[in-house]
Amino acid sequence: MELVILMAGIVYGLIIGLIPAAGATTGLITLFGFMPYFASDPYLGVIFCVAVVASSTTGDSFSGVLLGIPGANSAAATMVDGFPMAKNGEASRALSAAITSSTLNGLLFGSLTFLFLPYYTKIVMYMGIPELWSLVVLAFVTVGFVSTRRYVRSITAIAAGVFIGLIGVDVNNVPRFTGGWRYIEDGVQILPFVAGLFAIPELWDGWVKRKQTITHKNLKGSTQGIWQGIMDTGRCWRDSLRGGFIGSFIGLLPGLGGAMADWLAYGATVAANPNEKFGTGNVRGVVGAEGANNAQKASSFIPTVLFGIPGAPFAAILMALFLYLGIDLGSPDTFLDTRLFNSMTYAFLVGTVITAILCYGLAYFAGWVTRVPYVYYFPFILGFIVWATVQYSHSWSDILMLTVCSALGLFCKQFQFSRPALLIGFLLSDRIYSLTYQMATLHTPADLVTRPIFIGTMMCVVVLAYWGITKRSRIDYV
Amino acid sequence: MFRIITALLMMTSVAVADYNLIVPQKPSGGTSVWSQIVVQEWEKHLGEKINLVYKPGARDQLGPNEFQNKLRFDDKTILVSHGGNGISYLVEPVDYNYLDWESIGQMNLNIIVGARKNANTLNGPIKFSAGSGMTPEIMAITMLLGGPGADYDRVFAEKIVWVKGMSGSERRLAFRRGDLNGTRENPAAYKKHVQPLTKDGTAFTWFHHGLLNVKTGQHDKDPNFKEPTFEALFESTHGVAPSGDFYDAYKLVKSWRDALQKAFWVNRGNPNKAKLVAALDRMIADPVSVAAIQKKVGQYEWRTGAEGDAAVRTLKSFITPGALKTLTDFGKNQLGYNAVYKEQLLK
């Protein structure tokens, strides 16, 4: 029965991962209606949910690489080099590299996470408010200076993203930048924002060139591409492992999220390979960013299980689903529940392996997708995006929000403002704002200089900013 | 696989559900999860389906506002509200009005305040996470630090570090790390997040608010906590019971939040009320249902039907000019909220 449920979770997660702009969080939200049917054996529910996380995380590379639309926020970094590879007729190779890097790091850091779970407490406790603040600044600098050549436009995009992310209410619960529209007092929702920024511009582009395909190259068998992707990961093992370490570390820290992990991993890959060009289809970029993907998801379980404090947005939903199953993550009871740990370990590790096998199979056909004219599949993608968007409040306001975000995405694409930079600004805006408030309230400059992790991270920020301004990045993705 | 197919079939049955329950949050919010768990049991005793309709937005005010303006006139529509809606009702320009509704059931809740062992609970500073939901706790702490008749605005400014911008998760971690030296939780969350620290001697239970007795209007002791209520602690510390406008303002905001922490409502005169209340009563009397709910959301006291309406009348009696003005001024001038004085609540 466990295997059947595991497979069901994998298939569902994979479908969610493949859908543009969806991702693990969206996939888990829709599971609430299913939970009562696991009442007789809640651990089957655990297996199902964790399998969804494992498979959607690997599967979300597909739409980014094939269509230039990230399957989840975190997959945007993979897209920077993955989509140009698909355009060059190397879709299967890019996907294979992404799957291999993501899977190997998922297995490595997933094993480390579940084997040594109780020992991570001290690391989490060392990372106080100033340390988290400095990491968010590091992510901004990575995206702003390192991951694009046009850093002025990139910084403008980050600023715009931060502005949009701050729409809602301020720390005093006073509406901010809402213009009196009460609908957005809870902030701009992530799904219409990501879909509008990435999916709609690509769909529009596809409609304009509706008879064309992503690639016109005559592909000679995708098995070769898959094998090449696997070999690429082996060749770039340092980039992959570095990405895994970064993802694993970021996942440990509550609230920072997958997008930041992938961008830091991508930025580190760029910085570590100064003689190579990125953004035009370098497989190293795919391997580096994807290294962080599953590793981050795995380590996000650490604060979630140990403290009941979600390590990422998907983990918050997972906690709520588990509560529905009668499992209260973070409570002392969970530490003694060996079946819970076994179920999670089994679902994540075995789920990752099975997902990889299925994904290799799908990657085999990836080359075909890139040769199918947009006109045949864009109505389905558009239909799903609209449907998913209106699930928030079931009102016309949802459609209006999607329209506004789409206009913004089209504008950015037209005038070459970095959309990934806009996204990272949006995702981290609330974090930088609230952490700044907290740090200013609880810490003094004299106190900050005594914190080695904070000082070390800020030194990295300065070095990266200097490097970004003086050397200019070799990436040209907008 | 059978479970999945069954689940898919059941999901399609949502379209033909008999009742709609308006939930003012996203599906993953605290009240949403609570509703999903309770409704699962409630349906068994009602014999009809209840479809959860999520209406998030405007800091959870969109749902109650829509219910007030439009949805309540449908006899098959129920609303679930939470404690934050109660606070907003007192000091924010919301559309909804509890007095236009009738209570189906309410969950009465206590909130417990913990402090780090090294916190100076007599003179401060107390480092506490900000948020409108923290208003009762910070008012109680301000009174404890200031004593009777103090200038509480000054006490707050001098003895409390009000840390803005923290989510619940951040607050819990910050308290564990020692960045904050005071925190508060509901009983279930307290057991999970603070009691492990009280057991290892890092923290202690400072006080709790007690449970509102709707007949007397007083806060009774909570049998689950041996530590003193705020009133008892104040009296033992300062020799007199708390009193005055500031105390009345504390009592007002505390009661509207905790007594209505989770509440089901229908429109006044709804013909289905008796049936819904009876089903809820059967649920509360059913040990299997109660055990299923308590296992997931903790043990709380319920009030149903007329008892719930009586609770609203008791809460209304706490809205006095002095209490409301003090609450509004303190919220606006010290806590930094956009609080408005709602004179119409006094009518």
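Reading the values: rules and limits
- Residues numbered from 1 in each chain as written.
- Chains lettered and ligands numbered in written order.
- Predicted model: local features only at pLDDT ≥ 70, side-chain atom pairs only at ≥ 80, totals over all residues.
- Pairing = 2+ DSSP bridges.
- Helix = DSSP H or I, 4+ residues; strand = E, 2+ residues; numbered from the N terminus.
- Axes fitted to C-alpha atoms, helices over the stretch in contact; angles between N-to-C directions.
- Contact = placed C-beta atoms within 7 Å.
- Buried ≥ 20, exposed ≤ 12 C-beta atoms within 10 Å, placed from the backbone.
- Core = buried A, V, L, I, M, F, W, Y, C linked by C-beta atoms within 7 Å.
- Domains from an automatic or database assignment.

**Q** Could you give me a rundown of the sheet that holds strand β13 (residues 301–304) of chain B, with the residues and numbers involved?
**A** Residues and elements named next belong to chain B. Overall, mixed pairing links the 6 strands, which are arranged β2-β1-β3-β12-β4-β13 in an open sheet. Strands with a single pairing partner mark the edges of an open sheet, and in this sheet they are β2 (50–54) and β13. Pairs of neighbouring strands in the sheet enclose a mean axial angle of 20°, with direction left out of account. Examined bridge by bridge, strand β4 (residues 101–108) and strand β12 (residues 262–267) share 6 bridges and lie antiparallel to one another. When the bridges of β12 are listed, Glu-102 appears paired with Val-266. The sheet strands contacting helix α14 (residues 305–317) are β4 and β13, and the helix crosses β4 at an angle near 90°.

**Q** Could you give an account of the sheet that holds strand β8 (residues 182–185) of chain B, naming the residues involved and the relevant values?
**A** All names here are of chain B. Strand order across the open sheet formed by 3 strands is β8-β5-β9, with antiparallel pairing between neighbours. Where the open sheet ends on each side, the last strands, each with one partner, are β8 and β9 (203–208). Between one strand axis and the next, the sheet turns through 30° on average, direction left out of account. Both strand β5 (residues 112–116) and β8 contribute to a ladder of 4 bridges, which runs antiparallel. Along β8, the bridge assignment pairs Gly-114 with Thr-183.

**Q** Just give me the short version of unusual backbone geometry, but keep the residues and values in it.
**A** Note the cis peptide between Gly124(B) and Pro125(B), where omega equals 0°. Note that Pro125(B) resides in the loop between β5 and β6 (126–129). A positive phi angle is found at Phe177(A), which is not glycine, with a value near 55°. Counting through the fold element by element, Phe177(A) comes out in the loop between β2 (175–176) and α10 (190–208).

**Q** Describe the environment of Arg303(B), and please don't skip the residues or the numbers.
**A** Residues and elements named next belong to chain B. In this fold, Arg-303 is placed in strand β13. You can call Arg-303 buried: it has 22 C-beta atoms within 10 Å. Filtering out sequence-adjacent residues up to four positions away, Arg-303 remains in contact with Gly-105, Gln-106, Asn-108, Gly-308 and Ala-311.

**Q** Report on the nonpolar core, specifying residues and quantitative values.
**A** Val46(A), Val65(A), Ala139(A) and Leu321(A) are the most contacted members of the largest nonpolar core, which has 240 residues in total. Taken together, domain 1 (2–108 + 259–317) and domain 2 (112–256) of chain B each give at least three residues to this core, which thus spans both. Discounting residues that sit within four places of it in the chain, Leu321(A) has contacts with Leu28(A), Leu31(A), Phe32(A), Met35(A) and Cys49(A).

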